[in-house]
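# Overview (structure and organization)
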Amino acid sequence: MDDKEVIASAIAELSTLFPMQCPMCSRTYHNFREWAQTAKPLEGTISYDAESGEFDEAEDLIGAAVLSNCPCGTTLSLDTKALKEETHRAILRWLKLKSEATGLHPRDILDNLRAQVREMLTANAQD
Ligand SMILES: [Zn+2]
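Residues numbered from 1 in each chain as written. Predicted model: local features only at pLDDT ≥ 70, side-chain atom pairs only at ≥ 80, totals over all residues.

### Notes on the environment of Ser-68
- Looking at where Ser-68 falls in the secondary structure, it is placed in strand 5 (residues 64–69).
- The partly exposed category is assigned to Ser-68, around which 19 C-beta atoms lie within 10 Å.
- Taking the C-alpha atoms as reference points, Ser-68 and Leu-42, separated by 26 residues in sequence, lie 5.1 Å from one another.
- What Ser-68 contacts, discounting residues up to four positions off in sequence, is Ala-39, Lys-40, Pro-41, Leu-42 and Leu-76. (Helix = DSSP H or I, 4+ residues; strand = E, 2+ residues; numbered from the N terminus. Buried ≥ 20, exposed ≤ 12 C-beta atoms within 10 Å, placed from the backbone. Contact = placed C-beta atoms within 7 Å.)

Written out as structure tokens, the structure is:
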């Protein structure tokens, strides 16, 4: 997968998490775009599979911590189990290659990927 495909797959599959509600203030995020516009991303997106050094080689994928703050201050997490295993493994493979090619830490690559996903979601007016 290239960067564009990774972004498109992430958007398509993580969109299935919505609507989602904040357990503290009950704010409802109707869709991924509303989420991207409202919740504030926390830096340091961690892929546990990348951190372990196994990337897509892990037998059972652990997933990633993708955290954002609701305006009420509660930290909410996007559940990467929403990703199909095949997609998740393809993203991890992409992450590994990208990290090897650039020397960047997977966390920085994921934060950057996330910024691009958010940009894509908020730039696109219709859902
Ligand atoms: Zn809230």
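From this point, the narrative continues.
### Remarks on the nonpolar core
- Residues Val-6, Trp-35, Ile-91, Leu-92 and Leu-95 are the most contacted members of the largest nonpolar core, which totals 18 residues.
- Counting residues per element, the ones that place at least two in this core are helix 1 (3–14), helix 2 (32–38), helix 4 (85–102) and helix 5 (106–123).
- Excluding its chain neighbours within four sequence positions, the residues that come into contact with Leu-95 are Ser-47, Ala-50, Phe-55, Pro-106 and Ile-109. (Core = buried A, V, L, I, M, F, W, Y, C linked by C-beta atoms within 7 Å.)

### A word on the pairing of strand 6 (residues 75–79)
- Only one face of strand 6 is buried, namely the one carrying Leu-76 and Leu-78, since none of Thr-75, Ser-77 and Asp-79 on the opposite face is buried.
- Pairing geometry for strand 5 and strand 6, over five bridges, is antiparallel. What sits directly across from Ala-65, in strand 6, is Asp-79.
- The hairpin formed by strand 5 and strand 6 contains five residues between the paired strands, and Gly-73 there has a positive phi angle of roughly 100°. (Pairing = 2+ DSSP bridges.)

### With respect to the environment of Ala-12
- Here Ala-12 shows up in helix 1.
- In this structure, the C-alpha to C-alpha distance between Ala-12 and Glu-100, residues 88 residues apart in sequence, is 27 Å.

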